[in-house]
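As a plain string of letters, each chain reads:
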Amino acid sequence: AKSLMARRICQILDKCIMTDGANTTIKSLTAAIDPETKQISIGPLAAFDGDPENFGLVVINEAQHLKSPTELTIPLEDQQYTDVKGGKTFSVKTRASVLVIMNPTGNYWDPGHVLDNLPKGWQKPEVLSRYDFIAVFVSPRRLTEFTSIVRTMLNRMTGKLPAPLIDELSVYIKSARKLRPKITDDVSEYIIEKMGELYNQWEQYEIRVLPRTTEALVRLSMALARLTWSSVVTKQHVDFQYSIEIN
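Residues numbered from 1 in each chain as written. Predicted model: local features only at pLDDT ≥ 70, side-chain atom pairs only at ≥ 80, totals over all residues. Heavy atoms only, no water.

**So, the side chain of Asn117**
With respect to the helices and strands, Asn117 occurs in helix H5 (residues 114–117). Discounting chain neighbours no more than four positions away, the residues touching Asn117 are Pro104, Thr105, Tyr108, Trp109 and Asp110. (Helix = DSSP H or I, 4+ residues; strand = E, 2+ residues; numbered from the N terminus. Contact = heavy atoms within 4.5 Å.)

Structure, rendered in structure tokens:
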């Protein structure tokens, strides 16, 4: 199901590539110098660098096998990667989206202990804080949930459900990316108010609220505004993202 979801996403987007965590390194994602030709070999994070309208998506499937998740924080944080090889310094820009898909430790997500279920290396705050959003898909826990999934699968296989509208979604996303939703003064004040509430809530659990937490909320609120074809970011957009952060 995870791999199918990743393939569907890459079918919708023009600039999208899926890699396997077991065969992925920081250099294969960004850039490296070829030992024979001495030329820089560009990875997908650098190849898909772009502005808000045309940046690409790199999907790392089976990310629990990624050897060093901490190394990935550098190009995500700085939006560029610099390395030195044989006395030669090179730098590439890495402004692209990254989606990591992984199985939990023990192959089961416990909704009440998600952080404990994360594979080794992914539990560190400096790693998790680089990602705007974490979604957990748990296995069916009730018979009604399981039978609903089975019914949907059968309907899809027998043609009773239409195929996903890949082309239509692709056109919609391309058009939505061109929107530049504005944040009005009253919404700016509202964001400050909500971030204060989040700070107080998280402080009870000794969780730090960092500036990048605000960046994530603003980015996702603007993305939701584009998705709903709105020229401005509304309080409703902020509330939707805030409800995710607070929970």
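**A word on the layout of surface pockets**
Of the pockets and cavities examined, the second largest pocket occupies roughly 450 Å³. Around the second largest pocket, the lining comprises 13 residues; the ones closest to its centre are Ala1, Leu4, Arg8, Thr152 and Arg156. Contributions of two or more residues to the lining of the second largest pocket are made by helix H1 (2–12), helix H7 (143–157) and helix H8 (166–177). For the lining of the second largest pocket, a count of residues per class yields 10 nonpolar, 1 polar and 2 charged. (1 Å grid on protein atoms, 1.4 Å probe; cavity = no way out; pocket = protein on both sides within 12 Å on 5 of 7 lines; lining within 4 Å. Points joined across faces, edges and corners; volume = space filled by probe spheres on them. Nonpolar A, V, L, I, M, F, W, Y, C, P; charged D, E, K, R; others polar.)

**Here's the deal with the packing of helix H9 (residues 185–203) against helix H10 (residues 211–227)**
The N-to-C vectors of H9 and H10 enclose an angle of 130°; their axes lie 11 Å apart at closest approach. As summarised for this structure, H9 and H10 are arranged oblique, according to the angle between their axes. The way H9 lies across H10 gives a crossing that is right-handed. Contacts between H9 and H10 pair Ile191, Met195, Leu198 and Trp202 from the former with Thr213, Thr214, Leu217 and Val218 from the latter. (Axes fitted to C-alpha atoms, helices over the stretch in contact; angles between N-to-C directions. Parallel < 35°, antiparallel > 145°, perpendicular 65-115°, else oblique. Left-handed = near helix turned anticlockwise from the far one by under 90°.)

**Thoughts on a nonpolar patch on the surface**
A surface patch of nonpolar side chains, about 730 Å² in accessible area, is lined by Leu143, Phe146, Ile149, Val150, Met153, Leu154 and Met157. Along the chain, Ile149 falls in helix H7. (Patch = residues over 30% accessible without salt bridge, like charges linked within 9 Å, V, L, I, M, F, W, Y side chains within 5 Å. Areas by Shrake-Rupley, 256 points an atom, 1.4 Å probe, with all protein chains shown as cover. Salt bridge = Lys/Arg side-chain N within 4 Å of Asp/Glu carboxyl O.)

**Side note on the packing of aromatic side chains**
One pass over the structure, following the stated rule, counts 2 aromatic pairs. Relative to Trp229, the ring of Tyr172 lies with its centre 5.5 Å away and its plane at 45°, an arrangement referred to as tilted. With a gap of 57 residues between them, Tyr172 in helix H8 and Trp229 in the loop between H10 and helix H11 (235–246) connect regions that are remote in the sequence. Over the ring of Phe55 we find Arg177, and its NZ or CZ is 4.4 Å from the ring centre. In this structure, Lys194 packs its charged tip against the face of Tyr242, placed 4.3 Å from the ring centre. (Phe/Tyr/Trp six-rings, centres within 6.5 Å; stacked < 30°, edge-to-face > 60°. Lys NZ or Arg CZ within 6 Å of the ring centre and 35° of its normal.)

**Some remarks on the side chain of Thr73**
Its place among the elements puts Thr73 in helix H4 (residues 73–78). Taking relative accessible area as the criterion, Thr73 reaches 9% and is therefore assigned buried. Looking at Thr73, its side chain comes within polar contact range of the main-chain oxygen of Thr70, at 2.6 Å. (Buried < 20%, exposed > 50% of the residue type's maximum accessible area, 1.4 Å probe, protein only. Polar contact = N/O pair within 3.5 Å; in protein donor to acceptor, adjacent residues only side chain to side chain.)

**Section: the sheet that holds strand S1 (residues 16–20)**
Ordered in space as S1-S4-S7, the 3 strands form an open sheet in which the pairing is parallel. Only two strands of the sheet have a single partner each, and these edge strands are S1 and strand S7 (97–100). This sheet shows a mean twist of 20° between the axes of neighbouring strands, independent of strand direction. Contacts from H1 reach S1, strand S4 (57–61) and S7 within the one sheet, and its direction differs from that of S1 by about 155°. (Pairing = 2+ DSSP bridges.)

**Let's talk about the nonpolar core**
In terms of nonpolar packing, the biggest core is built from 25 residues, with Leu45, Ile60, Leu72, Trp122 and Tyr131 touching the most fellow members. At the level of secondary structure, the elements contributing two or more residues to this core comprise helix H2 (26–29), strand S2 (31–33), helix H3 (44–47), S4, strand S6 (88–93) and helix H6 (125–128). Every residue in contact with Ile60, bar those within four places of it in the chain, is listed here: Thr19, Gly21, Leu29, Leu72, Val98, Leu99, Val100 and Ile101. (Core = buried A, V, L, I, M, F, W, Y, C linked by side-chain atoms within 4.5 Å.)

**Describing the packing of H1 against H8**
Orientation of H1 relative to H8, taken along the N-to-C sense of each, is 60°, at an axis distance of 8 Å. Classified by the interaxial angle, the pair formed by H1 and H8 is oblique. Contact residues: H1 offers Arg8, Gln11 and Ile12, while H8 offers Ile166, Leu169, Ser170 and Ile173. A class-by-class count of the residues in the contact of H1 with H8 yields 4 nonpolar, 2 polar and 1 charged.

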